[in-house]
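Topology and contacts: notes
Each chain is listed here by its residues.
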Amino acid sequence: MINSSTSGTSNTAAPQSHNQGTTNKGILDMNAFDHHSAQSPAAKRRLANQGAAAVLFYQQPIEMVSAQGAWMQAADGTEYLDCYNNVPCIGHSHPAVTEAVSQQLSKLNTHTRYLVDVVDEYLEALKARLPAELSNVMLTCSGSEANDLAMRVAMAHSGARGFIVTEAAYHGNTALVTDASPSSLKRGQLPDHVVTIPAPAKSYYAADITDPQQAELAIRQGFARDVQRAIDTLQQRGHGVAGLLVDSVFSSDGIHTAPQGFLADAVAAVKRAGGLYLADEVQPGFGRLGSHFWGFQFHGLIPDVVTMGKPMGNGFPMAAMVTRPDLLADFCQTTGYFNTFGGNPVACAAGLAVLQVLKQENLLANASQRGKELKQGLLQLAREYPTLAEVRGQGLFIGVDIHNASGQPCASTTKHLIEQLKQQKVLSGAAGLLGATLKLRPSMTLNDREVDFFLTAMRVALRKSTID
Ligand SMILES: Cc1ncc(COP(=O)(O)O)c(C=O)c1O
C-alpha cells in the first residue's frame, strides 16, 4: 500500500495495489526541476519573483521567445517541436486568433452585462458543438473556475456534498476544487467528502489478462465496481453523492481511453445514487481526440455538466461550464454568478476563431491521422525498447508508460527520457499517479514531417537513455 500520509489520497474506495513500493507524484512536482539547481540569471530571477510557488520545467529551464504552429523558439535560437502544450490546439500564434483578438480589442471589450453580438455568436457556435440539452453556458476565465461552478451546481441539485474523483486527478486551484484534486496535495489527506477511485488503467484492472476482450470487460466492470464502492463510502459517511467529476481521458492519471465507452456503467451508478456526471473536458475537449469533439462523446454519454478551458481560446484565457437549464436554475435559486472577465468580447472573438479554424483546416481529421501515425511509430519503438511499456491514447492525446530496467514504472526514468527528448528538441511531459507516463499532446496541426521528427528524436532519446 502507498504511504497515505504523503500521498494525500487515502480516501480511496479500493486498494491501490498498483502503487506498491513507489512514490506518488503531485501534478506540479512531476515536471518540475529542483529549485536549488537554477543556474541561469533568468531562472534565478523567476525564483526570486515567485518564490516557493515557482514551477519550471526541465533541469535547465528554457527561456522561450516565440512560437508558431507546432514549434517554439528559445532565446538561444533552439527550435523545439512542442509535443507538450495542449492549449495552442490550432498551433501557436495562429493568425486567425491574433486578427480576431486585435480587431475586437480595438473595438470593444467589456463584461457580459451588455448585449454584445460576438458574445452570443460565440455561445451559439459553441452550443452547436454540444448536445442540445446542454443549452446554458457560463463563461469563466479558467478551468478551475468552471469546475468550481460545476461542483456547486452539483451540490445545489443533489443536496449532497460528496464527490468521486480519480486518484491522480487534477481539476483546478480554487479551495473547493483543490479538495477534489488529489494530485495537488503534497501532504495530508483529502477531506472526508471526497473519495478517490483508481484510474481505469489496464495495469490495475487487467494486468494479468491476456485476452483483449476479457481485459476490456475487466476494466469496465472493475471501474464501475470501484465507483459503486465510493458511492457506498460517501453514503455511509453521511455526505451523499453530489457527483462523479472525471476528466474524460483521465489526463493526469496517465491518459486512459480504452475500452471505448467504459465510463457508462460507472455513470449509471452515480445517477442511481442521485449524483451528477461532471465531464471535465479542459484537456480533451475541442477535438484533440480526432474521432470526437468531446471526450464524453467517445464514451457515448451526455453529461449533466461539462467544463472546458485550455484549448478554447488557443492561448487566450477563457473557459466555460455548460449545463442543462434546470440544473442552473436550481443553483441560481440560492446563489448568483457573475464573472467580470469571463465571456468578455475579446475572449469570445478568440473562441470563435478557434472553432472556425478547427473546421476550416479539418483539424479533427488531422488529429486522427497523425495520432495513428504517432501511435504506430511508438508501438514499433516499444517492440525494440522495453522502456516503452504501454502505448495508449486517442488522436493527438497519447500516453506511454515508462519502465526502468527492472520492468517497473519509474518516474526518474521518465524524467530522464523527457530530458533526453529535450536534447533532441522535443518538448514532452509526465503524467500518472507515479509520474511514470510520458504525456504527448502536440498541436492538432501536426504534419507528417513533424511526426517523423518526433519519432526520430524518440529513437535517439531511447538509445541514449538505455546507454546512460
Ligand atoms: C483536467 C483539468 N481540469 C481543470 C484544470 C484547471 O484549469 P485552469 O488551469 O485553467 O484553471 C486543469 C489544468 O491543468 C486540468 O488539466
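Just so it is clear, the model here is predicted, and its values are computed rather than measured.

**Concerning the domain arrangement of the protein chain**
What the domain assignment reports for the protein chain is domain 1 (62-90 + 363-467) and domain 2 (95-360). Contacts between domain 1 and domain 2 engage 28 residues on the former and 30 residues on the latter. Across the domain 1 to domain 2 interface the summed buried area is about 2,400 Å²; carbon plus sulfur atoms make up 61%. Looking only at domain 1, the three residues that lose the most surface to domain 2 are I90, Q394 and F397, adding up to 28% of its buried area. Applying the counting criterion to the domain 1 and domain 2 interface returns eleven residue pairs in polar contact (both at pLDDT 80 or more). Taken together, the elements giving at least two residues each to the side of domain 1 that touches domain 2 come down to α13 (363-384), β11 (388-394), β12 (397-402) and β15 (437-440). Broken down by class, the residue content of the side of domain 1 that touches domain 2 amounts to 14 nonpolar, ten polar and four charged.

**Remarks on the sheet that holds strand β9 (residues 305-308)**
Through backbone hydrogen bonds, the strands of a sheet pair up, either in parallel or in antiparallel fashion. Spatially, β4-β10-β9-β8-β7-β5-β6 is the arrangement adopted by the seven strands of the open sheet, whose pairing is mixed. Because the sheet does not close on itself, it has two edges, and the strands there are β4 (136-140) and β6 (194-197). In this sheet, neighbouring strand axes are inclined to one another by 20° on average, regardless of whether the strands run parallel or antiparallel.

**Focus on the site of the ligand**
Neighbouring the ligand are the residues S142, G143, S144, N147, Y170, H171, G172, D247, D280, V282, Q283 and K310. Note that a nitrogen atom of the ligand is positioned 2.7 Å from one of the side-chain N or O atoms of D280. Separating an oxygen atom of the ligand from a side-chain N or O atom of Q283 is a distance of 2.8 Å. Compared with its free state, where it exposes 390 Å², the ligand has 83% of that area covered by protein. Considering every element that reaches the shell around the ligand, the biggest residue donor is helix α5 (residues 143-158), with three residues.

**Here's the deal with the side chain of H403**
Mapped onto the fold, H403 is located in the loop between β12 and α14 (411-423). At a separation of 3.1 Å, a polar atom in the side chain of H403 contacts the main-chain carbonyl oxygen of G407. Sequence-distant contacts of H403, that is, excluding residues within four places in its chain, are made with P386, T387, A389, Q408, P409, C410 and T413.

**What to know about the pairing of strand β10 (residues 319-323)**
With five of its five residues buried, β10 lies for the most part within the structure. By the alternation rule, side chains of β10 split into A319, M321 and T323 and A320 and V322, which are all buried. In terms of strand pairing, β4 meets β10 through five bridges, oriented antiparallel. Each residue of the ladder has a partner; that of V137, found in β10, is V322. As judged from the four bridges shared by β9 and β10, these two strands associate in the antiparallel manner.

**Thoughts on the packing of α5 against helix α11 (residues 325-334)**
Contact pair α5 / α11: the axes reach a minimum separation of 8 Å and the direction vectors enclose 85°. Considered as vectors, α5 and α11 are oriented roughly perpendicular to each other. Across from L149, R152, V153, A156 and H157 in α5, the residues of α11 making contact are L327, L328, D330 and F331. Among the residues forming the contact of α5 with α11, the class breakdown is six nonpolar, one polar and two charged.

What counts, and at which threshold
Residues numbered from 1 in each chain as written. Predicted model: local features only at pLDDT ≥ 70, side-chain atom pairs only at ≥ 80, totals over all residues. Heavy atoms only, no water. Domains from an automatic or database assignment. Contact = heavy atoms within 4.5 Å. Buried area = accessible area lost by both parts, 1.4 Å probe. Polar contact = N/O pair within 3.5 Å; in protein donor to acceptor, adjacent residues only side chain to side chain. Helix = DSSP H or I, 4+ residues; strand = E, 2+ residues; numbered from the N terminus. Nonpolar A, V, L, I, M, F, W, Y, C, P; charged D, E, K, R; others polar. Pairing = 2+ DSSP bridges. Axes fitted to C-alpha atoms, helices over the stretch in contact; angles between N-to-C directions. Near = heavy atom within 4 Å. Areas by Shrake-Rupley, 256 points an atom, 1.4 Å probe, with all protein chains shown as cover. Buried < 20%, exposed > 50% of the residue type's maximum accessible area, 1.4 Å probe, protein only. Parallel < 35°, antiparallel > 145°, perpendicular 65-115°, else oblique.

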